Structures are given as C-alpha cells and as structure tokens.
Number of protein chains: 2
Amino acid sequence: MARPRVVIVGAGFGGLRAARVLRSAPVEVLLLDRRNYHLFQPLLYQVATAGLSPTDIAYPVRAIFRRQGNVRFRMTRVEGVAWERREVLTDHGPLRYDYLILGVGARTNFRGSDRIARHGFGLKDLDDAVRIRNHVLRRLEEAAIPGASAEPSGWLTFAIVGGGPTGVEMAGALSELVRVALRKDFRGLADRPVRIVLLEAAERILPAMPADLSRAAARSLTRKGVEVLVGRQVADYDGRALSLADGTCMPARTLIWTAGVDAAALTRELGARLGPQGRVAVRPTLQLPGRDEVYVIGDAAYLEHEGAPLPMMAPVAMQMGAAAAQNIRRSLRGEPLEAFRYRDPGSLATIGRHSAVAYVHGLKFRGFSAWAVWLVVHLIRLIGFRNRLVVLINWAWDYVLYERAVRLITPE
Amino acid sequence: MARPRVVIVGAGFGGLRAARVLRSAPVEVLLLDRRNYHLFQPLLYQVATAGLSPTDIAYPVRAIFRRQGNVRFRMTRVEGVAWERREVLTDHGPLRYDYLILGVGARTNFRGSDRIARHGFGLKDLDDAVRIRNHVLRRLEEAAIPGASAEPSGWLTFAIVGGGPTGVEMAGALSELVRVALRKDFRGLADRPVRIVLLEAAERILPAMPADLSRAAARSLTRKGVEVLVGRQVADYDGRALSLADGTCMPARTLIWTAGVDAAALTRELGARLGPQGRVAVRPTLQLPGRDEVYVIGDAAYLEHEGAPLPMMAPVAMQMGAAAAQNIRRSLRGEPLEAFRYRDPGSLATIGRHSAVAYVHGLKFRGFSAWAVWLVVHLIRLIGFRNRLVVLINWAWDYVLYERAVRLITPE
C-alpha cells in the first residue's frame, strides 16, 4: 500500500522544520517552493547593506534534504488548492495530497500605496536586498561625480520606514555602510550631508520590547548617526520626497519600507476565513477549520497567544512547522491531536557593530553582550556548514577591518 | 602647477596594472569603468557552473586603490573621445586628459548571427554567468517534474561552441556539475539522456597548444562525459536545435557560445584604424598612430608578435598596461619610448577536477600536475585576500565532497 503523501508548500523556516520532523514518519513528503533555495530571511538586511553575499544566506533545498530519503522537492509555483479533490494546483499541473501543510510566508505590505510600492524598496527576498544594495551604492557613486555638488536635495538621505527589528537592523547597518564607505572609499564626499532616518508611526521603536530597551536601542542608533523619528506616519512617496501624515515633507531619494507584512497572496485564493494581514485563521491544532487534513503554519497562519496574535517571525514558523508535523504523525497513529503551544524564545535586534538589545525570558540585555548573543544565535541557525564558515569569515573581516565585503553593483 | 592627468578607461587586468605602475609617478590618475568592480574573467565559467559565487570573482575598484593616493575612480560609461580637445566623453559629461589609456576589453562575437545571440549565451560578464547558472539549474528542475518524461528532445543537451580554453573549461565544469548534481540531488533523473557537447570548427580543440596536449585534453573531456566534436561549424540556433554548416541538425536547449570575441563596441566610435575583430591597430609603443598621448591596451589593441596577432588574454593585457604606463613615465621624463615586448607566460586550460593541460616555456604538463599549477596561478592572481580565502574554501569543499556551492536560481 502506498504511504500517505504529505505535501508541504513553502521551504521557509516552517516548511523545512515540518519536513525534518516527518523524517521517520511512514509518509512520503513532497516539498514545493517557487525558488530552489531556502532563504535565511533574518539576515537579508546584511545583503542589502553589502555585508554578506546572497549565497551566504541561501541554501539549495535539494542539498538540505539529500540524506532524508522520504522527502522529494519540486520547484514550482502553487496557484491554489482544490479542497474536494485534495489537490494542490501548480503551474506544472495538480498534485494530490493526503495531508497538506501550507507555509507560504509573507510579503511586504505597502499599506495599499502603489506609489510607495513603486518608488520604495521592500525587504523580503534576495531580489529586494540586491536591489537596495545596488541602489545605495549607485547613489554614492553618482554623488562622487564632481559637478553633482548642485545635486538635488535628499540625494544622500536614506529613509527607513518602520521601527521594528528589521527597520532597526537595517538603519544601523546602513548607517555604518554609508559612513564607513564615505570615509574610506569616497573621501571627497566626507563633507556631504548624509542622513539616515528611521521613521516609526508609534511612540517608540521596537514596540514589542520593554520601554527601557527601546530607549537603549534609540540611543545606540543615534550614536551611530541615525535620526530616530517616532510618531511619524509616512503617507506618500514619489521617489524624491516623502509626505508625512502631519503634512510635512522630507526629501529622500531612497525609501526602504519595513513597516508591514501581509500573508502571501496565495491565502486569498483559498476561500478560507482570513484574519488580519490576510493570515488564515487556524484552529489551535493549526488545522484549517473544516479541513482536518490541512495545516497552515508560520506567517500565513493567524492564531492568538495570550490574547495577542502570534508574531510573524521565524521562531513561530519553526515551532508551528514542528507542531503540524507532530499532529500529522499523531493522526496517522490514531492518537488525539494537540493544541499548538508557543514557547517565546525572546526577541533580539542588533544595531550595527557591537550593539544590540535582547529580551529573553524576562531578562534584558543591551550593548555588546546582546550583540554577542545575537551573533551566536544567528550563526547556529544558519543552515549548512560552509555557509556558516563563510559568514563567519565575512563577519570577522568586517569586524577587524571595518570593511565591507560585497560592494558590487550587479546587473539586475 | 597641476600634475598631468592620466585617464584610464576600463578597470580590467590592463587598466588596473597601468594604474598600479603609475603609483609613484607625478601624475593624477582617473580610472573609469561602467561597473564599480574589477572582474576576474578567467573564472567566470566557475560562476556559470555554480562553483563560485559572483562575489568571489569581483572586487570593488575603490577598495583596490584605497591606499594609492594618486588614483581616483569614477563609475561612468564612456561614449567616445574628442581627440582635438583631449576629452573623454562620458554619460556624465566630458573629462579632460593629458594622457589616455584605453583598455576597454572585449565582448562576445556571435559572428553576426542575431539568432544565436538571442537564443544562446555568451560568457563575458557576471550577468552572462549568472544567466547560464540559472538556466542550467532550471532545466534540471523542470526535468525533475514527473510527466516531463515526454519532454522534447535536447532538453538536457548542453552545447558549448568553441574549443578554446574557455570552451574546454566550461565543458569540463558543466559536465561535472550536471552529472554530479544528477547523481546526488536529482536521483530520479539518473537514467535520462544527458549530453554535454563541445563543438569546434577547427580540426582540434585548443589549437594554440601543441597537438599532443590537444589530444590529451580531448581524452580527458571524453572521460568526463563530454562529446568532443571537431571540424563542426555552427551556422544557426533557434533555441531548440542547432544547425551545422554541413547541413546536419542537433537538438539542444542550451547553447553557450565561446567561439569568438570582438573588441568592445567603443573602438568603432574612435575613428581609428581597426584591425581584425574590431581591435585598434597600435604602434609598437602601444600608442595610437597620430595621437602620441593615447595608448590602447589589452583585448582592444591589435599588435602582432612573431608574425601572429597577440591573443586576447589577461597576461597580454597586464603586460600592455604596465608597458603603456612605463612609456607615459618615460615621456614625462623626456626619455625615448620603448616598444612593447611580450613575454609569453604559457597557456593553461583546466578540465574539471584534477585535470588540466599546460604549455609553459616549451614544457608540457597534463593531468593532475597541470591542474595544480593552474590552481596556484589563479589563486595568486585573484585580487583581495578575503576573496582568495573564500575561493579556497569553496574549492576545498568542492574537492572533498564533490559538492557545488552556489546552486541558486536567482531572479535576474
């Protein structure tokens, strides 16, 4: 008799973990992704600021599962699900499943502003990161052309919208890139007005952290030359200047938007009940209501924990992937399913070199110690020994020499 | 009094060497390139076959000259030269020079076939290499979709046109990539008909080498699963099949063209007398006839040596760059100029793992010893310590595990 087939859509943190947990289960796993690699998203901002190469944070899915005999991978785009026939619809035709795990992830949400989407940058995939890197370096190269002293205002103003961990990390790293690059390689630009501005709509950055850590992070950013503006909502952007909700205007030739994510578009095609941000409302067992054989995990799933929605973060996705896979194993054995229980691993945000804030099990870290914690956590999580080694070399180099590894402006 | 200004167009091997030789000269050097990085072209085929990441073979020009005070860099596209006014015309306006060194390099010459240019791949810049990598990996991913067994013929046939060193290296590395990848990561494909075909119009591959080394290289390629076809001229390609001059037809969904290069398009804009392949005919001093202050070097220059044109290779470009810079120094001191004297460093071609052929000062090497020579030469030449280290790690990894580092299909 053929083994039941578990189809996993998405090779993100949740999908990979689910496939791993099914390693010894009596199932056949079919993992689908539109890309052939897993992306280590938490370090995307390092690619965007030329600290790491795309290769350092992406790993081919087939290589990850080479030694797991019951997993097959297929690079394909999923376009929908036919619930009654139990088929996933792909651009290469339908694929039957007995169990389905949807871990389709998230995309940048520009809050409905086509103009911000057109002129600004998101930071969700490799393409975004490489485009930001090319754009920032091109601004510097163009500013270095003499005669550009009559350059339009905001040429070297870089606005980062959104004061969550991604925005904070991006602002810190970008400030170091631009200021270090200016000092070392663009000496003629040293007297140019460079601004790195972090805008947050709420009254403080890192709102998920205790208030004193928010303050510490803001001080650390300020020391690194970042202007931290809170209580400022960005309403519009035309590529030259951004308009704030209070009517003021700020010239900036670069806008990086980290102020919101949405579940991936596919969730709208499922006919399922959606929660906020297009996330699919799931039962505590992570099953889709009315579809016992379907699980939704990670950024695409909406579930509350202690009265608040679970955050759209890698640790949640990984725990959900493991929980969904465990529930499939239970159901194969005829055992009752278990509700998902989230174990908060704490939160961390790094602010360039030597500085970070961390809040772990009620303990607060800041400065160098938090940065060391962050470094170790991310290195351990990175998949693939060689990648880890190369990332470590890049970082060590950067640390010792204040050098940037990957300052290439590549064709797009 | 202002120092004379030497403008160098092109940050390839020749341009970099010229700028270095002018280090202690009483001149101001302005180096121009349309890219912000120097590309180590001899290893492009490694990027195309997923052995190295683009970052490993590209290095920011500004970082190279950070410690050389008399060099400034500008990223700009050169569109022509106004000889009388002594100005280089760029997309950022004109730039005055006292001396000019043109090292604008070469581009793929598809022998006038628009169809081959449209459906085939060149291998001259990073973009080409990344497009080949993505294309090859995509062919494999698509072949892995069940039902594709009714796939069109030639789906997994990879034709490399041109049996020079680039074609030989590409064919050997591609065969290893595809066969190793098939065996390890695409197990279901093991019984599929895979063909790697190297086509050469002359009667033997590596025509610049002694005949016995050509034979050794062909045998080595055959052992690696490459079909070596000599005396075959490719006349046309429509993306599905290639037509040979003898009227036969060969299905192939991939064609990589290494069968010819031309000097960069800019040479046609100069109004200078051109030699074969659009190369600018220069005097033995490397000066442009009638323009004593202008030097042309590298692939863009046409000069004969012992009755034959100098090859379009990195060693020639580097030696010419040094010679042009020395002649500028002589002319500043009022000394007579010297004719360029080429010292042939020998030629080398690697054929995948553990195998190469080399012809150095009349000595012939083949097999593992030639490969070891090749490895050392290329590592030493690579610019930048960190790059060298990462390249070494990648190679060691590849060597030990038969693993491919960079199998990402990235957005283009």
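Bear in mind the structure is a predicted one, so any value in this text is a computation, not a measurement.

What counts and what doesn't
- Residues numbered from 1 in each chain as written.
- Chains lettered and ligands numbered in written order.
- Predicted model: local features only at pLDDT ≥ 70, side-chain atom pairs only at ≥ 80, totals over all residues.
- Heavy atoms only, no water.
- Helix = DSSP H or I, 4+ residues; strand = E, 2+ residues; numbered from the N terminus.
- Rg over C-alpha atoms; globule rule 2.2 N^0.38 Å.
- Buried < 20%, exposed > 50% of the residue type's maximum accessible area, 1.4 Å probe, protein only.
- Areas by Shrake-Rupley, 256 points an atom, 1.4 Å probe, with all protein chains shown as cover.
- Pairing = 2+ DSSP bridges.
- Axes fitted to C-alpha atoms, helices over the stretch in contact; angles between N-to-C directions.
- Left-handed = near helix turned anticlockwise from the far one by under 90°.
- Contact = heavy atoms within 4.5 Å.
- Nonpolar A, V, L, I, M, F, W, Y, C, P; charged D, E, K, R; others polar.
- pLDDT = per-residue confidence, 0-100.
- Salt bridge = Lys/Arg side-chain N within 4 Å of Asp/Glu carboxyl O.
- Phe/Tyr/Trp six-rings, centres within 6.5 Å; stacked < 30°, edge-to-face > 60°.
- Expected span 1.5 Å × (residues − 1).
- Right-handed = clockwise from strand over helix to strand, strands pointing away.
- Polar contact = N/O pair within 3.5 Å; in protein donor to acceptor, adjacent residues only side chain to side chain.

**Student:** What's the story with the overall build of chain A in this structure? I'm lost.
**Tutor:** Along the backbone of chain A there are 10 helices and 27 strands. Against the compact-globule benchmark of 22 Å for 412 residues, chain A has a radius of gyration of 22 Å, which places it among compact chains. Its C-alpha atoms give chain A principal-axis dimensions of roughly 75 × 45 × 45 Å. Out of the 412 residues belonging to chain A, those deemed buried represent 61%. With an accessible surface of roughly 16,500 Å², chain A has 52% of that area assigned to carbon and sulfur atoms.

**Student:** What's the story with unusual backbone geometry in this structure? I'm lost.
**Tutor:** Negative phi characterises most residues that are not glycine, and trans characterises most peptide bonds. At A:Ala50, a position not held by glycine, the phi torsion is positive, near 70 degrees. Tracing the backbone through its elements, the reader meets A:Ala50 in the loop between helix 2 (44–48) and strand 4 (58–60).

**Student:** What's the story with the sheet that holds strand 14 (residues 234–237) of chain B in this structure? I'm lost.
**Tutor:** One key point about sheets: their strands pair by backbone hydrogen bonds, in either a parallel or an antiparallel sense. Residues and elements named next belong to chain B. Pairing in this open sheet of three strands is antiparallel, and the strands run 14-15-16 from one edge to the other. Both outer strands of the open sheet, strand 14 and strand 16 (249–251), are each paired with one neighbouring strand and no more. Direction aside, neighbouring strands of the sheet carry axes that sit 25 degrees apart on average. With three bridges joining them, strand 14 and strand 15 (residues 241–244) adopt antiparallel strand pairing. Following the sheet pairing, Val 234 is matched in strand 15 by Leu 244.

**Student:** Please explain the pairing of strand 9 (residues 99–102) of chain A as it appears in this structure.
**Tutor:** Residue and element names in this part refer to chain A. Residue alternation in strand 9 divides its side chains into two sets, Tyr 99 and Ile 101 and Leu 100 and Leu 102, and both sets are buried. Sheet topology places strand 1 (residues 5–9) next to strand 9; four bridges connect them, and they run parallel. Residue pairing in the sheet places Val 9 in a bridge with Leu 102 of strand 9. As defined by bridge partners, strand 9 adjoins strand 21 (residues 291–296) across three bridges and the pair is classed as parallel. Within the sheet, the bridge partner assigned to Ile 101 lies in strand 21 and is Tyr 295.

**Student:** Looking at this structure, I do not really get the packing of helix 1 (residues 13–21) of chain B against helix 8 (residues 314–332) of chain B. What am I missing?
**Tutor:** To describe two helices that pack against each other, one gives the angle between their axes and the distance between the axes. Residues and elements named next belong to chain B. Relative to each other, helix 1 and helix 8 sit at 35 degrees, their axes nearing to 7 Å. The element helix 1 and its partner helix 8 pack so that their crossing is right-handed. Contacts between helix 1 and helix 8 involve Phe 13, Gly 14, Arg 17, Ala 18 and Val 21 on the former and, on the latter, Ala 314, Ala 317, Met 318, Gly 321, Ala 322, Ala 325, Gln 326 and Arg 329. Of the residues contributing to the contact of helix 1 with helix 8, the split by class is eight nonpolar, three polar and two charged.

**Student:** Help me understand the confidence of the model for chain A, please; the structure alone is not making it clear to me.
**Tutor:** Atomic detail in the predicted coordinates should be set aside for any region of low pLDDT. Mean pLDDT over chain A works out to 89, with 91% of the residues at or above the 70 mark. Model confidence for the complex is summarised by a pTM of 0.90, with the ipTM given as 0.87.

**Student:** Could you clarify how one ought to interpret the sheet that holds strand 17 (residues 254–257) of chain B in this entry?
**Tutor:** All names here are of chain B. Pairing in this open sheet of four strands is parallel, and the strands run 13-12-11-17 from one edge to the other. Of all strands in the sheet, those bounded by a partner on one side alone are strand 13 (226–230) and strand 17. Pairwise comparison of adjacent strand axes, ignoring direction, gives a mean angle of 20 degrees for this sheet. The sheet contacts of helix 7 (residues 211–223) involve strand 12 (195–200) and strand 13, and relative to strand 13 the element is tilted by about 140 degrees.

**Student:** What should I look at first to understand the side chain of A:Thr258 in this one?
**Tutor:** All names here are of chain A. Along the chain, Thr 258 falls in the loop between strand 17 (254–257) and strand 18 (261–263). Overall, the relative accessible area of 18% leaves Thr 258 in the buried class. Once you skip the residues sitting within four places of it in the chain, Thr 258 turns out to touch Ile 160, Val 161, Gly 162, Thr 166 and Gly 167.

**Student:** Can you walk me through the pattern of salt bridges in this structure?
**Tutor:** Between side chains of opposite charge, a pair can form as their charged atoms come close. Applying the stated criterion across every chain, the model contains 40 salt bridges over all chains. As a salt-bridge pair, A:Asp212 and A:Arg366 come within 3.6 Å of each other at their nearest N and O atoms. In this pair, A:Asp212 sits in helix 7 (residues 211–223) while A:Arg366 sits in strand 27 (residues 363–366), placing the two residues 154 residues apart along the sequence. In this structure, B:Arg5 engages B:Glu28 in a salt bridge whose closest nitrogen and oxygen atoms are separated by 3.1 Å. With B:Arg5 in strand 1 (residues 5–9) and B:Glu28 in strand 2 (residues 28–33), this pair connects stretches of sequence that are 23 residues apart. The class of B:Glu28 is partly exposed, set by a relative accessible area of 23%. One salt-bridge network, held together by shared partners, links A:Arg5, A:Glu28 and A:Arg72.

**Student:** Which parts of the structure should I look at to understand the packing of aromatic side chains?
**Tutor:** To describe a pair of aromatic rings, you give the distance between the ring centres and the angle between the ring planes. Residues and elements named next belong to chain A. What the rule picks out here adds up to six aromatic pairs over all chains. Relative to Phe 40, the ring of Phe 13 has its centre 5.6 Å away and its plane inclined at 75 degrees; by these criteria the two rings are edge-to-face. Residue Phe 13 is found in helix 1 (residues 13–21), and its partner Phe 40 is found in the loop between strand 3 (37–39) and helix 2; the two are separated by 27 residues along the sequence. The exposure class of Phe 13 is buried, given its relative accessible area of 14%.

**Student:** Honestly, helix 7 of chain A in this entry has me stumped. Any pointers?
**Tutor:** Three- or four-residue spacings in an α-helix give side chains the same orientation, since the helix completes a turn every 3.6 residues. Residue and element names in this part refer to chain A. Over its 13 residues, helix 7 runs 19 Å from end to end, which matches the ideal 18 Å to within 8%, given 1.5 Å per residue. Here helix 7 has its buried residues at Leu 213, Ser 214, Ala 216, Ala 217, Ala 218, Ser 220 and Leu 221. Contact partners of the buried residues in helix 7: helix 6 (165–185), strand 12 (195–200), strand 13 (226–230), strand 26 (356–360) and strand 27. Where helix 7 terminates, the next one or two residues include Gly 225, which has phi positive at roughly 90 degrees.

**Student:** Just to check I follow, could you spell out the environment of B:Leu199 for this structure?
**Tutor:** Residue and element names in this part refer to chain B. Tracing the chain through its elements places Leu 199 in strand 12. Considering only alpha carbons, one finds Leu 199 and Ala 159, 40 residues apart in sequence, at a separation of 7.3 Å. With sequence-adjacent residues up to four places away left out, Leu 199 is seen in contact with Ala 159, Ile 160, Val 161, Gly 162, Gly 163, Leu 229, Arg 232, Val 234, Leu 244 and Met 250.

**Student:** Quick question: what am I supposed to make of the packing of helix 5 (residues 126–143) of chain A against helix 6 of chain A here?
**Tutor:** Residue and element names in this part refer to chain A. Here helix 5 crosses helix 6 at 35 degrees, and the two axes come no closer than 11 Å. The element helix 5 and its partner helix 6 pack so that their crossing is right-handed. Residue-level inspection shows Ile 132, Val 136 and Leu 140 of helix 5 in contact with helix 6, the latter providing Met 170, Leu 174, Leu 177, Val 178, Ala 181 and Leu 182. A class-by-class count of the residues in the contact of helix 5 with helix 6 yields nine nonpolar, no polar and no charged.

**Student:** So what exactly am I meant to see when it comes to the environment of B:Leu39 here?
**Tutor:** All names here are of chain B. Its location among the elements puts Leu 39 in strand 3 (residues 37–39). The buried category is assigned to Leu 39, whose relative accessible area is 4%. Setting aside residues up to four positions removed in sequence, Leu 39 forms contacts with Phe 13, Leu 44, Ile 57, Ala 58, Lys 124, Asp 125 and Leu 126.

**Student:** Help me understand helix 8 (residues 314–332) of chain A in this model?
**Tutor:** Residues and elements named next belong to chain A. For helix 8, which comprises 19 residues, the first-to-last C-alpha distance of 27 Å matches the rise-based estimate of 27 Å (1.5 Å per residue) to within 8%. Buried residues dominate helix 8, accounting for 16 of its 19 residues. Gly 334 sits one or two residues past helix 8 and shows a positive phi near 75 degrees.

**Student:** Mind showing me how you'd approach the pairing of strand 11 (residues 157–161) of chain A here?
**Tutor:** Regular strands show a simple pattern: their side chains alternate between the two faces of the sheet. Residue and element names in this part refer to chain A. Of all five residues in strand 11, five are buried; the element is thus mostly enclosed. Covered by surrounding structure in strand 11 are Thr 157, Ala 159 and Val 161 together with Phe 158 and Ile 160, the residues of both alternating faces. Inspection of the sheet shows strand 11 paired to strand 12 by five bridges, in the parallel sense. Of the residues in strand 12, the one forming a bridge with Thr 157 is Arg 195. Chirality of the crossover, the property in question, places the unit of strand 11, helix 6 and strand 12 among those that are right-handed.

**Student:** Help me out: how do you make sense of the environment of B:Ile328 in this one?
**Tutor:** All names here are of chain B. As for its placement among the helices and strands, Ile 328 is situated in helix 8. Judged by its relative accessible area of 0%, Ile 328 falls in the buried class. Taking the C-alpha atoms as reference points, Ile 328 and Asp 292, 36 residues apart in sequence, are found 9.9 Å from one another. Apart from the residues within four sequence positions on either side, Ile 328 is in contact with Val 6, Leu 22, Tyr 99, Ile 101 and Tyr 295.

**Student:** Explain the side chain of B:Asn109 here, please?
**Tutor:** All names here are of chain B. On the secondary structure map, Asn 109 appears in the loop between strand 10 (106–108) and helix 4 (114–119). Owing to a relative accessible area of 18%, Asn 109 belongs among the buried residues under this scheme. Within the structure, the side chain of Asn 109 is placed 2.7 Å from the backbone nitrogen of Arg 111, a separation counted as a polar contact. Every residue in contact with Asn 109, bar those within four places of it in the chain, is listed here: Trp 257, Gly 260, Val 261 and Asp 262.

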